[in-house]
Amino acid sequence: MNAVSENRIDRKFRELKARGQKAFVAYITAGDPTPEQTPDLVWALERAGADIVELGVPFSDPLADGVVNQLSAQRALEAGTTTPRVFEILQAVRKQSQIPIVLYTYFNLIYAFGIERFCLQAYQAGADGVLVLDLPPEESQEDANGVGARLGDGSLRRICLVAPTSPAERIAKIVQKATGFVYYVSREGVTGMQEHVATSIGSRIDLLRKHTALPICVGFGISTPEQARTVAHQADGAVVGSVLVNRIAEWGSEKDLPQKLEAFARPLAQAIHS
């Protein structure tokens, strides 16, 4: 592939725009409750209406994640979910689905695995993008050893985070390195369910649109259909994670976990698509 090739993420946003719909981006942790069950959960989310799935790569020190996702990563690690195992999960998903998949990870994992090796194997396994939570633009060297160079070659989209506290000049620097879509963090702090959506989202998205033509998805704290609908009216997509992960924790030992997750996620998809 080259830098101008369209991948699954680009195609999905183009299709949604043509239909006048917004994207439902669903987050779960790869390997929770077990690596063997994760493909079934991805397929269940797709049946429910998810447009993109973020797969969290389990990490022992997930600094950007709240307690729900921390415990999810711990369960996945205890179940034997290594980075190579995540790639095997991706390969299994691709046997039945072409849903766009973003790997949600931390730079330590990529660095330890080997930057070029990680990006190549992720792409070969079926990933479409990578979101590196703790890699600011200043630390992403655009040289032969930099993750930015490896993610910028057209194979994988590089999803970048923008915080609610980011000033305009920093936003411009961040989105310059982004491809696929921009992930706007709706509030300060870590991931987790919230009772209310931040009232500043609309104005911040307006600011972001002045600096990028990429789709803008909003995450952190979205946990109900009503919240998801509110965000989708303002952004190009809504990211829902902790509330799904929490249900997996609750239903993880039940045989009908995929069916239950599908039923729970469907109203979220309908709200975002409405």
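Before reading on, note that the structure itself is shown above.
Residues numbered from 1 in each chain as written. Predicted model: local features only at pLDDT ≥ 70, side-chain atom pairs only at ≥ 80, totals over all residues. Heavy atoms only, no water.

## Overview of the environment of Ile201
This is how it is decided: A helix here means a DSSP run of H or I that spans at least four residues, while a strand means a run of E at least two residues long, and both kinds are numbered starting from the N terminus. Residue contacts are defined here by distance: any two heavy atoms, one from each residue, within 4.5 Å place the two residues in contact.
By secondary structure assignment, the location of Ile201 is in helix H9 (residues 201-209). Apart from residues no more than four positions distant in its own chain, Ile201 is found in contact with Tyr184, Ser186, Val218, Val231 and Gln234.

## Observations concerning helix H1 (residues 8-19)
Test applied: Helix span, as expected, comes to 1.5 Å for every residue beyond the first. Working definition: with a 1.4 Å probe on protein chains only, accessible area under 20% of the residue-type maximum means buried, over 50% means exposed, and in between means partly exposed. This arc describes the spread of directions from the helix axis toward the C-beta atoms. Polar contacts here mean pairs of N or O atoms no more than 3.5 Å apart (in protein, one a potential hydrogen donor and the other a potential acceptor; neighbouring residues in sequence count only if both atoms are side-chain atoms).
Its twelve residues place the ends of H1 17 Å apart at the C-alpha level, agreeing with the 16 Å of an ideal helix rising 1.5 Å per residue. Those residues of H1 that sit buried are Ile9, Lys12, Phe13 and Leu16. The buried residues of H1 all sit within an arc of 95 degrees when viewed along its axis, so they share a single face. Buried residues along H1 sit in contact with strand S1 (23-29), strand S2 (52-56), strand S3 (101-105), strand S4 (129-132), strand S5 (157-162) and strand S7 (216-219). Of the residues flanking the start of H1, the one acting as N-cap is Asn7, its side-chain oxygen 3.0 Å from the backbone nitrogen of Ile9.

## Observations concerning the side chain of Thr212
Secondary-structure assignment places Thr212 in the loop between H9 and S7. At 3.0 Å, the side chain of Thr212 and the backbone nitrogen of Leu214 are in polar contact.

## Some thoughts on the sheet that holds S7
Sheets are built from strands that pair by backbone hydrogen bonding, the pairs being arranged parallel or antiparallel. For the record, the criterion: The rule for pairing is simple: two strands pair if DSSP sees at least two bridges between them. Every axis corresponds to a line fitted to the C-alpha atoms, with the helix fit spanning only the stretch in contact, and the corresponding angles, defined between N-to-C directions, vary from 0 to 180 degrees.
Taking strand neighbours around the barrel as the criterion, the eight strands line up as S1-S2-S3-S4-S5-S6-S7-S8 in a closed arrangement whose pairing is parallel. Direction aside, neighbouring strands of the sheet carry axes that sit 25 degrees apart on average. Inspection of the sheet shows S5 paired to strand S6 (residues 182-185) by three bridges, in the parallel sense. Paired with Leu161 across the strands is Tyr183, a residue of S6. Packed onto the sheet, helix H8 (residues 168-176) meets S5 and S6 and runs at close to 165 degrees relative to S5.

## A word on helix H2 (residues 38-48)
Most of H2 sits inside the fold, with eight of its eleven residues counted as buried. All of the buried residues along H2 are Thr38, Pro39, Leu41, Val42, Trp43, Ala44, Leu45 and Ala48. Of the surrounding secondary structure, the elements contacted by the buried residues of H2 are S1, S2, helix H4 (83-93), helix H11 (242-251) and helix H12 (257-273). The first or second residue beyond H2 is Gly49, which carries a positive phi of 120 degrees.

Don't take any of this as a statement about function, it's just geometry.
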